[in-house]
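Working through the structure, step by step
The lines below spell out each chain.
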Amino acid sequence: MNVLLIGGGGREHALAWKISQSPKLEKFFAIPGSPGIANFAECVGNISIEDNAALVTFAQEKNIDLVVVGPEAPLVNGLVDALNAAGIKAFGPRKVAANIEGSKIFAKSLMKKYGIPTADFGIFYNPEDARNYIRKKGAPIVIKANGLAAGKGVIVAQTLDEALNAVDEMRNFGDAGNKIIVEDFMDGEEASVLALTDGEKIIPLIAAQDHKRVDDGDKGLNTGGMGAYAPAPIVDEKLAAQIEEKILKPTIAALKAEGIIYRGCLYAGLMIADGVAKVVEFNCRFGDPETQVILPLMESDLLELMNACAEGNLSDAKISWSSDSAVCVIMASGGYPKSYKKNLPIDGVTKAKALGAMIFHAGTKIKDGELVTSGGRVLGVTTTAPTLREAVDKVYKCVEVIHFDGVHYRRDIAARALK
Ligand code: GLY
């Protein structure tokens with residue numbers, strides 16, 4: 001099969017690494033790709049991932065059999081619809097289904113209508129109504145912008161003042177901030193359960209746990225994710241069955257009842273308390289950095305599974321998993337998630353690989369023949385081992401040999417599970 005991968009972050013590097021192992025793979029392209037993805041695929045940097053027409057033309061010219069869409073923006077922008085209209089198969093939901101991430105109002109209303117467990121909420125189209133609701137509810141409380149806001153449109157307010165200010169801050173999210181969702185605060189432990197689906201059958205992947213805050217102990221600002229591990233022991237067999245029966249299957253069925261066939265990866269961000277899982281959010285794609293720990297444990301052929309999802313043909317598929325654990329530590333630029341410098345030389349990647357690390361590039365580029373930083377999250381360093389403890393010890397040995405000016409990373413990835 002000829003495959004085109006859309007995206008260039010750490011998640012897409014992990015997808016490229018796994019897809020490249022498939023005996024079914026023939027030609028492999030990535031737009032825009034990255035220095036890491038370039039080890040597996042021909043990277044094409046001069047086409048925007050927002051330009052559906054140019055992407056369709058490229059796929060036609062290269063006789064692409066399957067397009068794998070990594071990030072949410074092109075999915076919400078209708079790339080899969082455009083590809084399918086041109087007769088090209090794609091892994092990822094169409095625009096109307098991608099709305100499960102693209103519109104929180106759509107997602108929350110769907111959950112309410114079909115009894116899928118989530119926090120109570122109100123939807124507001126003007127700030128004063130949102131403020132009145134918040135005054136009645138009190139704090140802590142959660143304020144969310146409606147649309148895609150690059151992972152930044154959610155404020156967990158601990159006090160009434162913070163909550164009222166958060167309503168004003170929603171203005172920073174442009175269109176996404178014109179419609180506001182105010183949600184009850186949920187306490188507990190978070191987990192990410194991703195699943196492959198063809199719109200009928202659903203296959204959950206092993207559960208992972210992300211670390212969203214920038215500093216150890218879950219302190220500091222929210223980020224795109226500072227590390228992850230899998231499997232997450234909090235999702236035991238009983239809870240996994242509950243998540244499948246009460247959340248994943250009912251969501252796919254609810255979409256179907258609304259006339260929407262969801263194909264691709266459905267990501268359920270969950271809050272778990274007292275053995276019960278509730279949905280914090282749905283995403284319409286693989287998680288980042290969850291993918292960097294889930295795929296190294298997958299023994300099955302990912303390309304075959306993705307193709308089955310795209311064809312609506314997942315019914316006989318099964319996924320087999322290694323019994324190992326995986327840990328990913330994100331090495332970030334000094335200052336991230338606020339402003340940071342770019343173009344700083346990165347040393348030690350080869351040495352870390354020799355120690356057994358997989359290095360997933362999130363924000364790097366080649367400048368004058370040298371690997372340099374080009375983003376906030378720079379590298380995801382992943383290791384696997386028979387136990388989580390061993391994987392954690394190994395990952396930090398690898399992280400310590402990699403260096404760039406100002407680098408910072410969390411030193412407590414997976415600590416909660418090790419307790
Ligand atoms: N890890 C969070 C996300 O992918 O949205």
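The coordinates are above.
Criteria and thresholds
Residues numbered from 1 in each chain as written. Predicted model: local features only at pLDDT ≥ 70, side-chain atom pairs only at ≥ 80, totals over all residues. Heavy atoms only, no water. Helix = DSSP H or I, 4+ residues; strand = E, 2+ residues; numbered from the N terminus. Contact = heavy atoms within 4.5 Å. Areas by Shrake-Rupley, 256 points an atom, 1.4 Å probe, with all protein chains shown as cover. Lys, Arg positive; Asp, Glu negative; His and termini not counted. Charge placed at Lys NZ, Arg CZ, Asp CG, Glu CD. Buried < 20%, exposed > 50% of the residue type's maximum accessible area, 1.4 Å probe, protein only. Near = heavy atom within 4 Å. Polar contact = N/O pair within 3.5 Å; in protein donor to acceptor, adjacent residues only side chain to side chain. Nonpolar A, V, L, I, M, F, W, Y, C, P; charged D, E, K, R; others polar. Phe/Tyr/Trp six-rings, centres within 6.5 Å; stacked < 30°, edge-to-face > 60°. Lys NZ or Arg CZ within 6 Å of the ring centre and 35° of its normal. Pairing = 2+ DSSP bridges. Axes fitted to C-alpha atoms, helices over the stretch in contact; angles between N-to-C directions. 1 Å grid on protein atoms, 1.4 Å probe; cavity = no way out; pocket = protein on both sides within 12 Å on 5 of 7 lines; lining within 4 Å. Points joined across faces, edges and corners; volume = space filled by probe spheres on them. Parallel < 35°, antiparallel > 145°, perpendicular 65-115°, else oblique. Disulfide = S-S within 2.5 Å.

Focus: the overall build of the protein chain
Looking only at helices and strands, one finds 14 helices and 22 strands in the protein chain. Oriented by its inertia axes, the alpha-carbon framework of the protein chain measures out at about 60 × 45 × 40 Å. Summarising the internal contacts of the protein chain: among those between residues at least 6 apart in sequence, 68% fall at separations of at least 24. Of the roughly 17,400 Å² of accessible surface on the protein chain, 48% is carried by carbon and sulfur atoms. The positive charge centre, built from 47 side chains, and the negative charge centre, built from 52, are 2 Å apart in the protein chain.

Describing helix H11 (residues 302–311)
With 8 of 10 residues buried, H11 lies mostly within the body of the structure. Elements in contact with the buried residues of H11: strand S1 (3–7), helix H1 (10–19), strand S4 (66–69), strand S5 (89–91), strand S10 (189–197) and strand S16 (264–273). A positive phi of about 70° marks Gly312, the residue just after H11.

Re the site of the ligand
In the neighbourhood of the ligand, the contacting residues comprise Asp210, Tyr267, Asn283, Arg285, Gly287, Asp288 and Glu290. At 2.7 Å, a side-chain N or O of Asp210 approaches a nitrogen atom of the ligand. At 2.7 Å from an oxygen atom of the ligand is found a side-chain nitrogen or oxygen belonging to Arg285. For the shell around the ligand, a count of residues per class yields 1 nonpolar, 2 polar and 4 charged.

Quick look at the packing of aromatic side chains
All chains considered together, the criterion is met by 6 aromatic pairs. Pairing Phe29 with Phe58 gives two aromatic rings, centres 5.5 Å apart and planes at 85°, and the pair type is edge-to-face. Residue Phe29 is located in strand S2 (residues 28–32), and its partner Phe58 is located in helix H2 (residues 52–61); the two are separated by 29 residues in the primary sequence. Residue Phe29 is classed as buried on the basis of its relative accessible area, which comes to 5%. One residue, Arg285, lies across the ring of Tyr267, its end atom 5.7 Å from the ring centre.

Some remarks on the sheet that holds S5
One open sheet holds the 5 strands; their spatial order is S3-S2-S1-S4-S5, and the pairing between them is parallel. Looking at the sheet topology across the chains shown, the edges are occupied by strand S3 (42–43) and S5. Each of S1, S4 and S5 is contacted by H11, which is oriented at about 115° to S5, the strand it contacts most.

As for the layout of surface pockets
Of the volumes computed, that of the second largest pocket is approximately 220 Å³. Around the second largest pocket, the lining is made up of 14 residues, and of these Val80, Asn84, Arg94, Ile261 and Arg263 lie nearest the centre. Where the lining of the second largest pocket is concerned, the elements lending two or more residues are helix H4 (79–85), S5 and helix H5 (95–102).

With respect to the packing of H5 against helix H6 (residues 104–114)
Where H5 contacts H6, the axes come no closer than 6 Å and their chain directions differ by 90°. It follows from the interaxial angle that H5 and H6 lie roughly perpendicular. In contact with Val96, Asn99, Ile100 and Gly102 of H5, H6 contributes Lys104, Phe106, Ala107 and Leu110. When grouped by side-chain class, the residues that make up the contact of H5 with H6 number 5 nonpolar, 2 polar and 1 charged.

Observations regarding the state of the cysteines
Applying the stated rule across the entire model yields 0 disulfides. In this structure Cys265 is a free cysteine whose sulfur lies 8.6 Å from that of Cys309, the closest cysteine sulfur available. Relative accessible area serves as the criterion here: at 1%, Cys265 is assigned to the buried category. Note on Cys398: no disulfide assigned, nearest cysteine sulfur contributed by Cys328 at a separation of 12 Å.

Describing the side chain of Glu183
Relative to the helices and strands, Glu183 is located in strand S9 (residues 180–184). Excluding residues within four positions of it along the chain, Glu183 makes contact with Lys108, Ala119, Asp120, Phe121, Ile141, Val142, Lys144 and Val280.

Some points on unusual backbone geometry
Cis geometry is found at the peptide bond from Ile31 to Pro32, where omega equals -5°. By the secondary structure assignment, Pro32 is in strand S2. Here the amide bond leading from Ala230 into Pro231 is cis, since omega sits at -10°, within 30 degrees of zero. Relative to the elements of secondary structure, Pro231 occurs in the loop between strand S15 (227–230) and helix H9 (237–257).

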